[in-house]
4 protein chains.
Amino acid sequence: MSGNTFGTLFSVTNFGESHGPAIGCVIDGCPPGMSLCEADIQHDLDRRRPGTSRHVTQRNEPDQVQILSGVYEGKTTGTPIALLIQNTDQRSKDYGNILQTFRPGHADYTYFQKFGIRDPRGGGRSSARLTAPTVAAGAVAKKWLKEKYGTTFHGCMTQIGELPIPFESWDHVGHNPFYAPCADVQAFEDYMDSLRKAGDSCGARIRVVATGMPVGLGQPIYDRLDANIAYAMMGLNAVKGVEIGAGFASVAQRGTTHGDSLTPEGFRTNNSGGVLGGISTGQDLEVSIAIKPTSSILSPRDSIDQNSQPTEVVTKGRHDPCVGIRATPIAEALLALVVMDHALLHRAQCGDVQVAMPAIPGHIGA
Amino acid sequence: MSGNTFGTLFSVTNFGESHGPAIGCVIDGCPPGMSLCEADIQHDLDRRRPGTSRHVTQRNEPDQVQILSGVYEGKTTGTPIALLIQNTDQRSKDYGNILQTFRPGHADYTYFQKFGIRDPRGGGRSSARLTAPTVAAGAVAKKWLKEKYGTTFHGCMTQIGELPIPFESWDHVGHNPFYAPCADVQAFEDYMDSLRKAGDSCGARIRVVATGMPVGLGQPIYDRLDANIAYAMMGLNAVKGVEIGAGFASVAQRGTTHGDSLTPEGFRTNNSGGVLGGISTGQDLEVSIAIKPTSSILSPRDSIDQNSQPTEVVTKGRHDPCVGIRATPIAEALLALVVMDHALLHRAQCGDVQVAMPAIPGHIGA
Amino acid sequence: MSGNTFGTLFSVTNFGESHGPAIGCVIDGCPPGMSLCEADIQHDLDRRRPGTSRHVTQRNEPDQVQILSGVYEGKTTGTPIALLIQNTDQRSKDYGNILQTFRPGHADYTYFQKFGIRDPRGGGRSSARLTAPTVAAGAVAKKWLKEKYGTTFHGCMTQIGELPIPFESWDHVGHNPFYAPCADVQAFEDYMDSLRKAGDSCGARIRVVATGMPVGLGQPIYDRLDANIAYAMMGLNAVKGVEIGAGFASVAQRGTTHGDSLTPEGFRTNNSGGVLGGISTGQDLEVSIAIKPTSSILSPRDSIDQNSQPTEVVTKGRHDPCVGIRATPIAEALLALVVMDHALLHRAQCGDVQVAMPAIPGHIGA
Amino acid sequence: MSGNTFGTLFSVTNFGESHGPAIGCVIDGCPPGMSLCEADIQHDLDRRRPGTSRHVTQRNEPDQVQILSGVYEGKTTGTPIALLIQNTDQRSKDYGNILQTFRPGHADYTYFQKFGIRDPRGGGRSSARLTAPTVAAGAVAKKWLKEKYGTTFHGCMTQIGELPIPFESWDHVGHNPFYAPCADVQAFEDYMDSLRKAGDSCGARIRVVATGMPVGLGQPIYDRLDANIAYAMMGLNAVKGVEIGAGFASVAQRGTTHGDSLTPEGFRTNNSGGVLGGISTGQDLEVSIAIKPTSSILSPRDSIDQNSQPTEVVTKGRHDPCVGIRATPIAEALLALVVMDHALLHRAQCGDVQVAMPAIPGHIGA
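Residues numbered from 1 in each chain as written. Chains lettered and ligands numbered in written order. Predicted model: local features only at pLDDT ≥ 70, side-chain atom pairs only at ≥ 80, totals over all residues.

## Quick word on the overall build of chain A
Part 1 of the reasoning: Assigned secondary structure in chain A consists of 7 helices and 18 strands.
Part 2 of the reasoning: Computed over C-alpha atoms, the radius of gyration of chain A comes to 21 Å, within 12% of the 21 Å expected from 2.2 N^0.38 for 366 residues, which places it in the range of a compact globule.
Part 3 of the reasoning: The buried share among the 366 residues of chain A stands at 67%.
Part 4 of the reasoning: Considering only residue pairs separated by 6 or more positions, chain A has 71% of its internal contacts joining residues 24 or more positions apart. (Helix = DSSP H or I, 4+ residues; strand = E, 2+ residues; numbered from the N terminus. Rg over C-alpha atoms; globule rule 2.2 N^0.38 Å. Buried ≥ 20, exposed ≤ 12 C-beta atoms within 10 Å, placed from the backbone. Contact = placed C-beta atoms within 7 Å.)

Structure representation (structure tokens):
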């Protein structure tokens, strides 16, 4: 309710600031009896970690997660799982010059207006660093969903700045610094290099998919699965748009085209993106998000200071020239958290056993 | 939590089915002492009402709202405001043929899979008719926000099917059946007529704006203002995409362009759509949504029945060939509900008085 | 969150005022597929109904419940169940004299202080009449729990004013106007008659029991089963104390006595009242509540008016001289609502199947 | 929702186990701009700390609190305040003998039944040690309420086992190990010594008071102030009963006696305990709780093991022979958390400024 807890039954309460002693989260509602250790979580944290290529912030954080509670002899006990990540590489001196001014496009201004006080060190609470606990919690959700339903999550970048990225195969995603699903990423390397030289930044488009979805997740009218996905994604730093299935393209579609035909073997298409009436169809969840360009850039820009006097802002320090680059594992985690919460909600009302119905084994053209 | 309540402090609990005796909602948390009568609510309900032009469903519902509680001698008392709307024109016989089959693109399938039972009369709970209580609740929120902060809400259609709609003036919106912000809507009339003849349907794009926004609304990390807007909008029937500010266009923008410069007179642009770091800047909230084509169409389509046998579906009955046409007042209401809830949340944590700061009177180029 | 919703997964949102057009509630989260009709609910409403003996208010309300939604062809659909009860016998003229003054011991004062406005007709929102929707919702919960787990709920009065009521058998409870578990209630009749003549009122103690409880309901630390029972009971109008199991008597007990020994056949005693560490043991839930004397009495008392001037208050109108008399079915309903919510919460986190463990068939001396 | 978060607007999410690496909590919703440092919190933690007299567990824990987030340059920023307390003196070997058996009166049995797994070290999650984070969070709430409204919290023990404790003065409470409000505590020392020799334990009764209460806190029908107090108190380990104001004594009172008369100078009595209709009157909140005897005792008792075979249980290790002794600061903290949450809820709906009304300066006979 107060803005730092995600989910209702599998709830994640996030805490910390970019340059405070530590960040972390408390996961409440994890089912008991699941094997869990730090390594299960560390893998996704490492994918999100800064400093792994020249295209992301050079802040060097190991992002080593520690489980403080909720696990006994390697198994979840059903009690809260507290996860702690120490901040080790804070260089707060870099931020002295932004203490009295507001970066255009940054939360500096709104945090100050809301609270009358803000922690300026590294962006404080508004730093993208605070997505690390979300990724950690998402790893726990992913593990449970995979073991329980066989549901898995994948993401990739589909556009960087003006450059669309062709989808060749999920296999490429782990082998380049952009989470690009294609073999040759030289063009993107060059693009990022020129951008960095120009002291500028760019946006990105990310696609996230859940495969092996249980049918029937989502609540009618308000807590719809698609609504909660949109909530999760738009809440990710720098996101300005969310699409499910055909997304904005559905505006120009006809009903005869858009509606995914059903056959005894499954759906013929997936314009719905796996959600109808707010409830999962069992098809892949298909989500696409737009990420704006980073607001912390070297190029000077007009702004005002805390006394509302005109000034010019130049942001030094270590920043991602394209925050979208590290967004893929975060978006996966958020999607997993939404599905996890709805899986438990569904179980509460409708029980574990799915409605008996003639099988629709899969969807054609997934 | 169970899917039919919107908001936490100004909460709206929705109930009813398309062809049951009545629909309605309970608004909890409305501040006391505000003048309120049925007419305050009826105006927006009438804008959403079916049967007002040949381009929408011919179901004839007066949608007369009755206040059952929470108002004493014309003023809100701070206790729950229950709103009731009788269903008067149910023709359930029209739906007999869809009882055993699933319309492609419709929630028939997922409701049945989730609950093992569904009310097929008029789409039951998944009918767009259930947006009427949302509109009614939104009218209450709009009234309070206008009186308290001067905040107002406007919406219009910006695309219908393949046809973009030029923005000329807000003044046109109330004078045509499409909520189009332009004087000449003949092309859209013709388009809809041809679509209806073809037994097909189309999508739409809607823009919603809040003007006179208080600064500082929104909570960090998860209950962000933009996240809650996305949640609200994606939860509206048939919505497949949501944008705030520059939206998907921000992917191809540079940081030097996207970041809205601040001047002592206000922001120079509004790429942020009025939200930075999840918190309102005081600029207009700018939201755009994509609505898919109606799934209930006359053209025959492949589907399956409840025994998973192949069949062909033709939907008779009265349906909107473009559900987007009536979506504008609903989207306005949803935006008002989000802002209202955040206004109360902000007041809880930070108090009524805004942070003292040199005034930024408006934004240039709103 | 805003004070008029009970429960999180089986949630009940209450609305209405004593002399408004109607009262009611919306139940959200009821599992689908359960048979439900008005008669299932009416039975408990009739037990709570006013005007059934000379010892309760003579207001004549049929309290006929109408199901507005959530049920299709006699079965719950998993969507919100809206229940409506018309107010038919309002005599608001009786309350004219209390509009400007505050009855000692009544919520008149606090409602006015909180909201700056209050509906004085029949106590408005603070009237015990608003327990009717709670009873109606409780009847739905009772039905599900009985069918699913065999859990049943019983209540009785154990003290009226100074007079303790001996427990002889549950069978007597339905055969006297006091819900007394004994055959001879003449003494209580006489007591109430003398009280009424004196223009005074008295308190009562009520006992409520749940039998056939599933083991394992309740969440650790905060949302404990006993905590939620206390919340539910203390929230009932006029309740000033709640005990579970040995209650206040446990203060003077020793650990060797209080701790209920376990045997392969079950627990030897039930000092715990069926809850250990906030989680149900499977034994009977044993709850006891203290209800204060009615504040609306004929005897004149010192008070102040809205201008803070001294005045004398005499309450005319129709009131219960002992609100405790009608409290038994309400307390049962509240206990059922708590158990229901926890049953769904448990199912969400731990699934439907209980932990496999050697059977403990019952408890001795239940 | 999942059982480990207290409060809705000032929410406290608790984590940790008795013998894990650390315990703590995350406070969300604290208003910004309040001075806060570890010392502000440590004072109350030290009052609750084990090992301070021979009458409490000899576990030696410094309970040093560390603020991980939410405070910048000594002031709260409005973002989550994470508090960490390391566990330093775990001696898990003491608990080996209880791993396979269930202590009568202990949560061993129910945790195992609920989750199918439990952390047996020191009671794991069910240990009274987990009240430390509650006390820490309560200290933050107390500070804000004192600075904002002048509200203060006091508690004392009013009965230990069979021995009532006379109220002489609040001044004595801090000068004896029992939180007794009297000068001479020798009888209680002797009583505890004899109990310890007998390998037995006893209960206690605690009184908690809030003074300087704002009027108007509490929501109607369900989230009543008294209901939430009962929830908070009954959720404290070992509590079996809660009273507000006259409590169970009100059963035998008459309406003419119980209803607190109002005069222009204030209320004449406080039978209501500061709450009418679920809303604060501005008088002192008066709460009383019953604490059962500790279940972990040296005396052998009948029980069963995990295979449901009969066995005898003797609890070694370090335990409080009367858990009530350390309960006073915890009960104060819980009361403060309830008032804090309601203060923010009230502000959300009704704003900061109280309703204008002729002053009622205080209550007679407080």
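## A short note on the relation of the copies chain C and chain D
Part 1 of the reasoning: With an axial shift of 0.0 Å and an RMSD of 0.0 Å, the rotation relating chain C to chain D amounts to 180°. The two molecules are tied by a two-fold rotation axis, judged by turn and shift. When C-alpha positions in chain C are compared against the rotation axis, the closest is assigned to C:Tyr231, at 2.2 Å.
Part 2 of the reasoning: Comparing interface residues between copies, 100% of those in chain C also sit at the interface in chain D, which points to an isologous, same-surface contact. (Least-squares fit on C-alpha atoms with pLDDT ≥ 70 in both.)

## Here's the deal with the sheet that holds strand β4 (residues 65-67) of chain D
Residue and element names in this part refer to chain D.
Part 1 of the reasoning: If you walk across this open sheet you meet the 5 strands as β1-β2-β3-β7-β4, and the pairing is antiparallel. At either end of the open sheet lies a strand with only one pairing partner, and these are β1 (5-6) and β4.
Part 2 of the reasoning: Strand direction decides the pairing type here: strand β3 (residues 22-28) and strand β7 (residues 81-86), joined by 6 bridges, are antiparallel. Bridged to glycine 24 within β7 is leucine 84.
Part 3 of the reasoning: Each of β4 and β7 touches helix α1 (residues 38-48); the most contacted strand, β4, lies at about 155° to it. (Pairing = 2+ DSSP bridges. Axes fitted to C-alpha atoms, helices over the stretch in contact; angles between N-to-C directions.)

## Regarding the interface of chain A and chain B
When the parts come together, some accessible area is lost, and that loss is often what is quoted as the size of the interface.
Part 1 of the reasoning: Of the residues lining the interface, 99 residues belong to chain A; the matching set on chain B comes to 99 residues.
Part 2 of the reasoning: Grouping the amino acids of the side of chain A that touches chain B by side-chain chemistry returns 40 nonpolar, 44 polar and 15 charged.
Part 3 of the reasoning: Of the pairings in the sheet, the one linking strand β11 (residues 239-244) of chain A to strand β11 (residues 239-244) of chain B comprises 3 bridges and is antiparallel in character. From the neighbouring strand, A:Val242 faces β11(B), where its bridge partner is B:Val242. (Nonpolar A, V, L, I, M, F, W, Y, C, P; charged D, E, K, R; others polar.)

## Some points on the relation of the copies chain A and chain B
Part 1 of the reasoning: The two copies are related by a screw operation: chain A maps onto chain B through 180° of rotation and 0.0 Å of translation along the axis, at an RMSD of 0.0 Å.
Part 2 of the reasoning: Taken as a fraction of all interface residues of chain A, those also at the interface in chain B reach 100%, which identifies the copy contact as same-surface.

## Considerations on the UniProt feature "binding site: NADP(+)" (unreviewed entry) in chain A
Residue and element names in this part refer to chain A.
Part 1 of the reasoning: Mapped onto this numbering, the UniProt entry annotates "binding site: NADP(+)" (unreviewed entry) at Arg48 and Arg54.
Part 2 of the reasoning: Here arginine 48 is to be found in helix α1 (residues 38-48).
Part 3 of the reasoning: If sequence neighbours within four positions are ignored, arginine 48 has contacts with Thr131, Ala132, Val135, Arg326, Pro329 and Ile330.
Part 4 of the reasoning: Relative to the helices and strands, arginine 54 resides in the loop between α1 and β4 (65-67).
Part 5 of the reasoning: Note on arginine 54: 12 C-beta atoms within 10 Å, which makes it exposed. (UniProt positions renumbered as here; feature names shortened; annotations may be inferred.)

## Considering the confidence of the model for chain A
Caution applies to low-pLDDT regions: their predicted coordinates should not be interpreted in detail.
Residues and elements named next belong to chain A.
Part 1 of the reasoning: Predicted confidence across chain A gives a mean pLDDT of 91, with 93% of residues reaching 70 or more.
Part 2 of the reasoning: Counted against residues more than four places away or in other chains, residues 355-359, with its pLDDT under 50, gives 6 contacts.
Part 3 of the reasoning: Counting contacts from residues 361-366, a segment whose pLDDT is below 50, to residues more than four positions away or on other chains yields 15 contacts.
Part 4 of the reasoning: At the level of chain-chain contacts, confidence expressed as ipTM amounts to 0.95, with global pTM at 0.96. (pLDDT = per-residue confidence, 0-100.)

## Some points on the interface of chain C and chain D
Part 1 of the reasoning: Each partner contributes to the interface: chain C provides 99 residues, whereas chain D provides 99 residues.
Part 2 of the reasoning: In terms of residue class, the side of chain C that touches chain D is built from 40 nonpolar, 44 polar and 15 charged.

## Describing helix α4 (residues 186-197) of chain C
Residues and elements named next belong to chain C.
Part 1 of the reasoning: Spanning 12 residues, α4 covers 17 Å between terminal C-alpha atoms, matching the ideal 16 Å at 1.5 Å per step.
Part 2 of the reasoning: Along α4, the positions that sit buried rather than exposed are Phe188, Met192 and Leu195. Here the buried residues of α4 occupy an arc of 60° about the axis, which is enough to place them on one side. Along α4, exposed side chains directed more than 90 degrees from the buried face belong to Gln186, Asp190, Ser194 and Lys197.
Part 3 of the reasoning: Contact partners of the buried residues in α4: β8 (152-160) and β9 (163-164). (Expected span 1.5 Å × (residues − 1). Arc of directions from axis to C-beta.)

## What to know about the packing of helix α7 (residues 327-350) of chain B against helix α7 (residues 327-350) of chain D
Part 1 of the reasoning: Contact geometry of α7(B) with α7(D) gives a least axis separation of 7 Å together with a crossing angle of 135°. Relative to α7(D), the element α7(B) is oriented oblique. Classified by chirality, the crossing of α7(D) by α7(B) is right-handed. Only D:Leu344, D:Leu345, D:Arg347, D:Ala348 and D:Gln349 of α7(D) make contact with α7(B), whose side of the interface consists of B:Leu344, B:Leu345, B:Arg347, B:Ala348 and B:Gln349. (Parallel < 35°, antiparallel > 145°, perpendicular 65-115°, else oblique. Left-handed = near helix turned anticlockwise from the far one by under 90°.)

## So, the nonpolar core
Part 1 of the reasoning: Counting residues in hydrophobic clusters, the biggest one holds 435 residues, and the most contacted among them are A:Leu335, B:Leu335, C:Leu335 and D:Leu335.
Part 2 of the reasoning: In this structure, C:Leu335 is in contact with C:Phe153, C:Val208, C:Ala210, C:Ile229, C:Ala232, C:Leu285 and C:Val287, ignoring residues within four places of it in sequence. (Core = buried A, V, L, I, M, F, W, Y, C linked by C-beta atoms within 7 Å.)

## Points about the UniProt feature "binding site: FMN" (unreviewed entry) in chain A
Part 1 of the reasoning: UniProt records the feature "binding site: FMN" (unreviewed entry) for A:Arg125, A:Ser126, A:Ser127, A:Asn237, A:Ala238, A:Gly277, A:Lys292, A:Pro293, A:Thr294, A:Ser295, A:Ser296 and A:Arg318 in the present numbering.
Part 2 of the reasoning: Positionally, A:Ser126 belongs in the loop between α2 (108-115) and α3 (131-149).
Part 3 of the reasoning: Beyond its immediate sequence surroundings of up to four residues, A:Ser126 is in contact with A:Ala107, A:Tyr111, B:Pro220 and B:Gly277.
Part 4 of the reasoning: Position of A:Thr294 among the secondary structure elements: in the loop between β16 (285-291) and β17 (301-304).

## Observations concerning helix α4 (residues 186-197) of chain B
Part 1 of the reasoning: Those residues of α4(B) that are buried lie in contact with β8 (152-160) and β9 (163-164) of chain B.
Part 2 of the reasoning: Once α4(B) ends, the next one or two residues include B:Gly199, with phi positive near 65°.

## Looking at the packing of helix α5 (residues 225-234) of chain B against α7(B)
Residues and elements named next belong to chain B.
Part 1 of the reasoning: Between α5 and α7, whose axes approach to 9 Å, the crossing angle comes to 145°. The element α5 and its partner α7 pack so that their crossing is right-handed. Residues Leu225, Asn228, Ile229, Ala232 and Met233 of α5 form the contact with α7, whose participating residues are Ala331, Leu334, Leu335, Leu337, Val338 and His342.
Part 2 of the reasoning: For the contact of α5 with α7, the per-class residue count stands at 9 nonpolar, 2 polar and no charged.

## Examining unusual backbone geometry
Residues and elements named next belong to chain D.
Part 1 of the reasoning: We note that tyrosine 179 has phi near 60°; this positive angle belongs to a residue other than glycine.
Part 2 of the reasoning: Tracing the sequence through the fold places tyrosine 179 in the loop between β9 (163-164) and α4 (186-197).
Part 3 of the reasoning: With a phi close to 70°, isoleucine 221 is a non-glycine residue in the positive phi region.
Part 4 of the reasoning: Residue placement: isoleucine 221 occurs in the loop between β10 (204-211) and α5 (225-234).
Part 5 of the reasoning: We classify isoleucine 221 as buried; it has 30 C-beta atoms within 10 Å.

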